[in-house]
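Residue-level listing of the chains:
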Amino acid sequence: MKLINRILLTSGLPMTVRQFWWYSFLYWLFFAVIWYCQATMVWFLTPNRQMYYTETLYWLIEFLFWWGLTPVIILCAQRFSLLRNRGTKWVVRQVITHLLIAGGLYALELAIQHLLLGSAIAYEQGRVITVRRVVTIFFLSFGTAFTQYMLLVVCYNVLTYVYQLQSLKQQHLQTELVNEQLKSQLANAQLQALKMQLNPHFLFNTLHTVVSLMLRNQVRRAALMVTTLSDLLRSVLMRQQANFISLGDEMTLTRQYLSIQQIRFEDRLTVEYIVPPEAEECLLPQLILQPLVENAITHGIADMTEGALIRITVQRMDDTVVIEVFDNGLGQNQLHDTSGTGLGLSNTLSRLQKAYGEKAELRFEQPPGGTTTVRLLIPCQCSLVTPPTSRESRSQAV
């Protein structure tokens, strides 16, 4: 039992000890049935040919002998494998080794048969089985015995090779899957880190504005800004675990942020939204628009005394969603510097690269006469939850 367990453990085959004995039984039974059918046909076709009971016992002993030695043969197949690529000489040496092993086992079988059935054969058939006759039988029938032995060795080697190859492929696929999962987790962690940089970024700017209003005794406006900021932070915290949200939810956050800015600029700032319903279900990184809008305010319309305009336009073109942030400022937007922090648009570029690689684009258009349009093109991956039907396209001035 221990020997078989060792064999199965070494081979890696998904087989129990019971299955091992059952499969080996069927293997040797196949050859025993062939012989018995062959001997029976010879008996029918040969005149005055008698079928002796000792002949049946002779081949029954042979069947039981080889079946019982199957673990030994498998152990030899493991020890002297034919599938290791070490050159022709090595293969020839392995075959010769198996030839000697098979010869020894077959000689042992004939010796056992002679000891157990010699007297019975002499009594039933009236002839004595001498050592010379046993040796003659060995050389006449060893080819068949060796063929059966080598067939088992080769089948075992091929079977274990195929199974181990499949196991290696499965392990390789599992390793690739784990690597992809780790890459995805790393990308999500990086996106989360970049997002956490943005949260304090606009928070500090807003609080700085609140302090400025209070120093100018504009307490009502400061209180309204704090209340609006509280609503925005509550919305952000509700989605803090999500790296991607629907465009509809992103527009909600953007509107809350711009509401804070409208309190700051009062009647000087007008905001327009053009968002078709079919685009609201597209997923995009959370707070991806906030730096673009803040850039438009800080470097676009901040110094305008009246008529400041920010327009957010969304278009869905097949599998791509195009988002434009337009401002009618003097066109002084800078790609790598927003509010002196260096986190705004550079952070946006980093998040786009982490999320989409080369599939996303961020473009700037600044005509000579002024105005700036920041255009964001990202793949449209739809959310699993359809946005509420109450959301409608908005094209309004606030």
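Residues numbered from 1 in each chain as written. Predicted model: local features only at pLDDT ≥ 70, side-chain atom pairs only at ≥ 80, totals over all residues. Heavy atoms only, no water.

If you check an unreviewed UniProt entry, the chain appears there as Sensor histidine kinase from Larkinella bovis.

Quick notes on helix 2 (residues 17-45)
In a regular helix each residue adds 1.5 Å, so 29 residues correspond to 42 Å; helix 2 covers 42 Å between its end C-alpha atoms and thus fits that length. Along helix 2, the residues that are buried comprise Val17, Phe20, Ser24, Tyr27, Trp28, Phe31, Trp35, Ala39 and Thr40. (Helix = DSSP H or I, 4+ residues; strand = E, 2+ residues; numbered from the N terminus. Expected span 1.5 Å × (residues − 1). Buried < 20%, exposed > 50% of the residue type's maximum accessible area, 1.4 Å probe, protein only.)

A few points about unusual backbone geometry
Backbone phi values are negative for most residues with the exception of glycine, while trans is the configuration of most peptide bonds. For Asn217, which is not glycine, the phi dihedral falls at a positive 65 degrees. Mapped onto the fold, Asn217 is located in the loop between helix 6 (131-215) and helix 7 (219-238). Since its relative accessible area comes to 66%, Asn217 is described here as exposed. Phi at Thr371 takes a positive value of approximately 70 degrees, unusual for a residue other than glycine. Inspection of the secondary structure puts Thr371 in the loop between strand 6 (361-365) and strand 7 (372-379). A residue is classified by how much of its surface remains accessible, and Thr371, at 22% relative accessible area, is partly exposed.

A few points about the packing of helix 2 against helix 4 (residues 70-79)
Packing of helix 2 against helix 4 leaves a shortest axis separation of 11 Å and a crossing angle of 95 degrees. Judged by the angle between their axes, helix 2 and helix 4 are roughly perpendicular. Residue-level contacts link Phe20, Trp21, Ser24 and Trp28 of helix 2 to Thr70, Pro71, Ile73 and Ile74 of helix 4. Grouping the amino acids of the contact of helix 2 with helix 4 by side-chain chemistry returns 6 nonpolar, 2 polar and no charged. (Axes fitted to C-alpha atoms, helices over the stretch in contact; angles between N-to-C directions. Parallel < 35°, antiparallel > 145°, perpendicular 65-115°, else oblique. Contact = heavy atoms within 4.5 Å. Nonpolar A, V, L, I, M, F, W, Y, C, P; charged D, E, K, R; others polar.)

Quick notes on the sheet that holds strand 6
Sheets are built from strands paired through backbone hydrogen bonds, the pairs being either parallel or antiparallel. Read across the open sheet, the 5 strands follow the order 2-4-5-7-6; overall the sheet is mixed. Here the strands that pair on one side only, and so sit at the sheet edges, are strand 2 (269-274) and strand 6. The mean angle between the axes of side-by-side strands here comes to 15 degrees, regardless of whether they run parallel or antiparallel. Sheet analysis places strand 6 next to strand 7, joined by 5 bridges and oriented antiparallel. Among the inter-strand pairings, Glu361 is bridged to a residue of strand 7, identified as Leu377. The strands touched by helix 8 (residues 247-265) are strand 2, strand 4 (308-317) and strand 5 (320-327); relative to strand 2, the strand with the most contacts, the crossing angle is about 170 degrees. (Pairing = 2+ DSSP bridges.)

Brief notes about the pattern of salt bridges
All chains considered together, the criterion is met by 5 salt bridges. A salt bridge links Glu272 to Arg311, with the shortest nitrogen-to-oxygen separation between them at 2.9 Å. Residue Glu272 is found in strand 2, and its partner Arg311 is found in strand 4; the two are separated by 39 residues along the sequence. Note on Glu272: relative accessible area 22%, which makes it partly exposed. Owing to a relative accessible area of 26%, Arg311 belongs among the partly exposed residues under this scheme. Across the salt bridge formed by Arg375 and Glu365, the nearest N and O atoms sit 2.4 Å from each other. Taken together, the residues Arg375 in strand 7 and Glu365 in strand 6 connect sequence positions 10 residues apart. In this structure Arg375 comes out as buried when scored by relative accessible area, which is 15%. Among the charged side chains, a salt-bridge network with shared partners connects Glu324, Glu365 and Arg375. (Salt bridge = Lys/Arg side-chain N within 4 Å of Asp/Glu carboxyl O.)

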